[in-house]
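Survey of secondary and tertiary structure
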Amino acid sequence: MISPYLHMQISGAIWYQGESNVGAGARKGGPYYACQFTAMINDWRIKFEQPSMYFGFVQLAPWLAGKDNGTLIAELRQSQLAALTLPGVGVATAADHGDPGSPYGGIHPRDKQDVGYRLALNAMGVHYKTVTENYQSPIATSATCQPSKGLARGLATAACTLVTFPALTASTTWKLINATCTENVPVIECSTFEFQSAADASWHEVSDIEISGNSIVVHGGVPSTTATNAQPVSGIRYGYSTWPVMPVYTSAGLPLMPFSIEVKST
């Protein structure tokens, strides 16, 4: 693919691909893609003889891919983020830009301007260093959960505070927007914040999202563990579905990216 261009001097590359890698089985799916994607970036840098070449990529937009593919799409989005372990790599998410009515097919959303803007903003921050903040959507890296006292409707309750990277600057805050499942998209394909029960590994939609200063605190209930005062939540995820419902943005207009992380016991 890149052989004809190897004698050119380039500053970087942008990448919007991955839909055909969604799936299960050999040479498909999230775990394989995470390894494959980072290996490709390293190989391009070797081939172009630019070890620090900028590489920006787009986290996949939603599309209705058929039965049982929702979690597989979410898994691939998560695996794309493995590339951020490499220096000089940035991401612009398109997970909030689904377009089920696109005349080109739902896999090709029409709004490319927002995604292009996010890619340009990221390159200015990561590569050109002309922007020093608010150039990449925050990513949840960890969560601290505190079990609440008692039960609510037979569920153990918890409040989880997210830690994100990059951390918000003093001039930036979180904001909540009114986000719902897109018209003509089955509700079963949509999700926002969910807790995973430590008791049975089931997932449950949270009951409340609270913005507290520069922190995001998520409240919800899960089936109770048998141990007294046990940590009821073992995982937290956001937009981990075919069609992410994403109500959390920074005041600079960048969305919190979909994620799935484990919660450590406290």
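Residues numbered from 1 in each chain as written. Predicted model: local features only at pLDDT ≥ 70, side-chain atom pairs only at ≥ 80, totals over all residues. Heavy atoms only, no water.

A short note on the sheet that holds strand β2 (residues 54–59)
Read across the open sheet, the three strands follow the order β1-β2-β3; overall the sheet is parallel. Among the strands making up the open sheet, the edge pair consists of β1 (12–15) and β3 (89–93). For this sheet, the mean inter-axis angle between neighbouring strands, taken without regard to orientation, is 15°. Note: β1 against β2, four bridges, orientation parallel. Its bridge partner being in β2, W15 is matched across the sheet by F57. Running at roughly 150° to β2, helix α1 (residues 30–47) makes contact with β1, β2 and β3 of the sheet. Its contacts with the sheet place helix α3 (residues 113–126) against β1, β2 and β3, and it is angled at close to 150° to β2. (Pairing = 2+ DSSP bridges. Helix = DSSP H or I, 4+ residues; strand = E, 2+ residues; numbered from the N terminus. Axes fitted to C-alpha atoms, helices over the stretch in contact; angles between N-to-C directions. Contact = heavy atoms within 4.5 Å.)

Concerning the pairing of β2
Burial analysis of β2 places six of its six residues in the buried class, which makes it a mostly covered element. By the alternation rule, side chains of β2 split into Y54, G56 and V58 and F55, F57 and Q59, which are all buried. (Buried < 20%, exposed > 50% of the residue type's maximum accessible area, 1.4 Å probe, protein only.)

Some words on the packing of aromatic side chains
Applying the stated criterion to the full structure yields 10 aromatic pairs. Ring geometry for W15 and F37: centres 6.3 Å apart, planes at 35°, overall tilted. Here W15 is found in strand β1, whereas its partner F37 is found in helix α1, with 22 residues between them in sequence. As far as burial versus exposure is concerned, W15 and F37 are alike and both buried. Each residue in the set W15, Y33, F37, W44, F55 and F57 is aromatic and connected to the rest through ring pairs, giving one cluster. (Phe/Tyr/Trp six-rings, centres within 6.5 Å; stacked < 30°, edge-to-face > 60°.)

Quick look at the state of the cysteines
Taken as a whole and assessed by the stated rule, the structure comprises two disulfides. The partner cysteine of C145 in its disulfide is C160, sulfur to sulfur 2.0 Å. On the sign convention where negative means left-handed, the S-S torsion of about 110° between C145 and C160 marks this disulfide as right-handed. Of this pair, C145 sits in strand β4 (residues 139–152) while C160 sits in strand β5 (residues 155–165), and the two are 15 residues apart along the sequence. Each sulfur in the disulfide pair C181 and C190 lies 1.8 Å from the other. Judged by the sign of its S-S torsion, about 55°, the cystine formed by C181 and C190 is right-handed. (Disulfide = S-S within 2.5 Å.)

Some remarks on the nonpolar core
With 25 residues, the main nonpolar core has F193, F195, I216, I236, L256 and F259 as its most contacted residues. Broken down by secondary-structure element, the contributors of at least two residues to this core are β4, β5, β8 (193–197), β11 (215–223), β12 (233–238) and β15 (259–262). What I216 contacts, discounting residues up to four positions off in sequence, is C160, T161, L162, W174, F193, I209, E210, I211, V248 and L256. Within the second largest apolar cluster, 24 residues are counted, among which are M40, I41, I73 and M257. (Core = buried A, V, L, I, M, F, W, Y, C linked by side-chain atoms within 4.5 Å.)

Thoughts on the environment of G213
One can find G213 in the loop between β10 (208–212) and β11. The class of G213 is exposed, set by a relative accessible area of 52%. Expressed as a C-alpha distance, the spacing of G213 and V89, which sit 124 residues apart in the sequence, is 29 Å.

Notes on the environment of Q196
Relative to the helices and strands, Q196 is located in strand β8. Residues Q196 and G90, spaced 106 residues apart in sequence, show a C-alpha to C-alpha distance of 29 Å. In contact with Q196, not counting residues within four places along its chain, are A201, S202, W203, V222, P232, V233, S234 and G235. Here the side chain of Q196 touches A201 through a polar contact of 3.2 Å, landing on its backbone oxygen. (Polar contact = N/O pair within 3.5 Å; in protein donor to acceptor, adjacent residues only side chain to side chain.)

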